[in-house]
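Breakdown of the fold
Okay, here's what each chain looks like letter by letter:
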Amino acid sequence: MSILDSLSPRALAAPESGIVEVVNYARGREGLLPLWVGEGDLPTPDFINRAAMASLNAGETFYTWQRGIPELRQALADYYGRHFGTSLPMENFYVVGSGMQAIQLSVQAITAPGDEMVYLSPAWPNIAAALEIAGARSVAVPLQFEHGKWSLDLDRLEAAITPKTKGLFINTPSNPTGWTATHQDLSDILALARKHDLWIMADEIYALYYYAGGRAPSFLDVKEADDKILFVNSFSKNWSMTGWRVGWIVAPAELGQVIENLVQYSTSGVAQFMQKGAVAALNEGDDFVRSNIEKATRSRDILCDALIATNRVQTLKPDGALYSFLKIDGVTDSRKAAIDIVDKTGVGLAPGTAFGLGGELFMRACFLRDPVQVADAAERLSKYILGL
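The text that follows walks through the structure, step by step, so that each part is easy to find. The structure presented is a predicted model; accordingly, all values stated were derived computationally and were not measured. (Residues numbered from 1 in each chain as written. Predicted model: local features only at pLDDT ≥ 70, side-chain atom pairs only at ≥ 80, totals over all residues. Heavy atoms only, no water.)

1. Observations concerning the pattern of salt bridges
- With the rule as written, the count across this model stands at 19 salt bridges.
- For E21, the salt bridge is made with R335, and the minimal N-O distance between the two is 2.5 Å. Remark: R335 occurs in helix 12 (residues 334–345) and E21 occurs in helix 2 (residues 18–26); sequence separation between them is 314 residues.
- Across the pair K195 and E158 runs a salt bridge, and its minimum N-O distance is 2.8 Å. Remark: E158 occurs in helix 7 (residues 154–159) and K195 occurs in helix 8 (residues 183–196); sequence separation between them is 37 residues.
- Given a relative accessible area of 61%, K195 falls into the exposed group.
- Several salt bridges converge on common partners, so that one network encompasses R300, D301, D305 and K317. (Salt bridge = Lys/Arg side-chain N within 4 Å of Asp/Glu carboxyl O. Helix = DSSP H or I, 4+ residues; strand = E, 2+ residues; numbered from the N terminus. Buried < 20%, exposed > 50% of the residue type's maximum accessible area, 1.4 Å probe, protein only.)

2. Points about the pairing of strand 9 (residues 229–234)
- Among the six residues that make up strand 9, six are buried, leaving the element largely enclosed by the rest of the structure.
- Side chains of strand 9 alternate between two faces, with I229, F231 and N233 and L230, V232 and S234 buried alike.
- Of the pairings in the sheet, the one linking strand 8 (residues 199–203) to strand 9 comprises four bridges and is parallel in character. Looking at strand 9, one finds that A202 is bridged to F231.
- Examined bridge by bridge, strand 9 and strand 10 (residues 247–250) share four bridges and lie antiparallel to one another. Across the sheet, residue N233 finds its bridge partner in strand 10, namely W248. (Pairing = 2+ DSSP bridges.)

If you want it as structure tokens, here you go:
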């Protein structure tokens, strides 16, 4: 008998990340172009680091507000005012230990063991895993893929709702597909949630990476004050802070004590010096975010134009987010292909099998990198694809 047999079935059922599997296989190889994970190639900018270091040097290393320091919660309110046109008070914002923890705590708040939550697939795999580990059931509704473009079938979404359904997880712009809901999509989804008395967990982490200009449509544009929506987000993508593990939740103020309690019994709060860095990101980082978006736009065009030109790839330039989700003619096992591609080209891609229902035949490439590097990756991939 193995010691593993004495562990919780939920823990044993936690899946290995199909993305991390490929990363671990090839991490550290010379000449590698890593497009597999969702992060850019720049380290955190100095103005953020300096704010965190100043806080450390000032001795701000004690326990602090579990909902987040007031300065950061106000900075979040101001950020939403600038970019989303809201007038939400700081009481609607809660600082947590990463976007992943924002999802975990929201899952704990919305679902009980045996409940269901419906999400759109292909999807970042962590949402389904977070639900299953919590004892809830994740229900995938595949987006439609036709002529390189993804779209939502609202009837299919409603058909997945059962008496056990407690909420809908909606990620737009989408990781990995780039699908971006229109205002009408969001209004229709919200009407569905109201009809069935469901929560919406809105993951809008890529809202500013919207290639039509401005920002992507948000549930904040269509919601009413009493709608049951939790917004989960992270500092990772906009400000090159993936390793910091700082995120936030936007929620009705009356949920404040519940969220604080959940934070207490998980991490007991985010370090104050990290929060001070996050304050600087919000208050001083709009120009840095704009430069990241400009780089992503150039690199998106370079990568997608090259791949489409092979006439062996089904994809279009995504409307939002940071990824090309591509279907290569002749590839029937994306996990095997990801290993083969990294071996033969030195380009790291994430296999579509990691993203669940509907993603099995696809590969994901993150293009938030130097356009010169992306052009190199595009050339290597094109040669590989044409050689199949």
